[in-house]
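# Per-entry structural report
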Amino acid sequence: MRVYVPLTLPGLAQAHKAGELGPGPLTAYAVTPALREWYVSDDVEELEYAALNRAASASLRLLAGDPEAPRRRIVVAVDVADKDAATDPDGALTVSSIGEVRIAGPVRLAKAAAVHADADDAAADVTAAADALGAADQGDDDAQFVVDGAEDHELLWFGVQEIPGLLG
């Protein structure tokens, strides 16, 4: 199963240094039954793109909680065994938790398929979105518009061997 792990640049730097994402449990996003129902598509590529976007939203939340982190959303795509990605069937289903899975332990970075990151030109919109996230969560439509502005930026694809350049 492909899972998408939300990070920040400092989190990616830590994973690169350690050679693994972790320690567990890790929150990630994947094509789950709830995501399939929410997104209403049978196209696997569309569903994986939706899971990637869920992880990008979670990365934005991480940025909102770490004002010192550079303002770039980071998502690492990793392949794990199906049994290693657990959903919480008893958990409260909220919009932000759709597609969420838990990975119990660390995952070797060598298993990563790719790293997705914002381009440099997204920084202003990502910064504004991270700052507006709290108000958007409280129902402020103007703040939600600002948050949606970050989602207008597509994450770029990078090979795992390009991580040092991203951290540069």
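Further up the page is the structure itself.
Residues numbered from 1 in each chain as written. Predicted model: local features only at pLDDT ≥ 70, side-chain atom pairs only at ≥ 80, totals over all residues. Heavy atoms only, no water.

### Overview of the overall build of the chain
Within the chain one finds 6 helices and 9 strands. C-alpha atoms of the chain, sized along the principal axes, occupy 40 × 40 × 25 Å. Per-residue burial over the chain gives 42% buried out of 168 residues. Within the chain, residue pairs in contact and separated by at least 24 positions form 77% of the contacts whose partners lie at least 6 positions apart. Accessible surface computed for the chain: about 9000 Å², of which carbon and sulfur atoms make up 52%. Computed over 12 positive and 29 negative side-chain charges, the inter-centroid distance for the chain is 9 Å. (Helix = DSSP H or I, 4+ residues; strand = E, 2+ residues; numbered from the N terminus. Buried < 20%, exposed > 50% of the residue type's maximum accessible area, 1.4 Å probe, protein only. Contact = heavy atoms within 4.5 Å. Areas by Shrake-Rupley, 256 points an atom, 1.4 Å probe, with all protein chains shown as cover. Lys, Arg positive; Asp, Glu negative; His and termini not counted. Charge placed at Lys NZ, Arg CZ, Asp CG, Glu CD.)

### Structural notes on the pairing of strand 6 (residues 100–103)
The alternating pattern of strand 6 places Val-101 and Ile-103 on a buried face and Glu-100 and Arg-102 on a face that is not buried. Here 2 bridges tie strand 5 (residues 85–86) to strand 6, and the two strands are oriented antiparallel to one another. By the bridge assignment for strand 6, Ala-86 is matched with Arg-102. (Pairing = 2+ DSSP bridges.)

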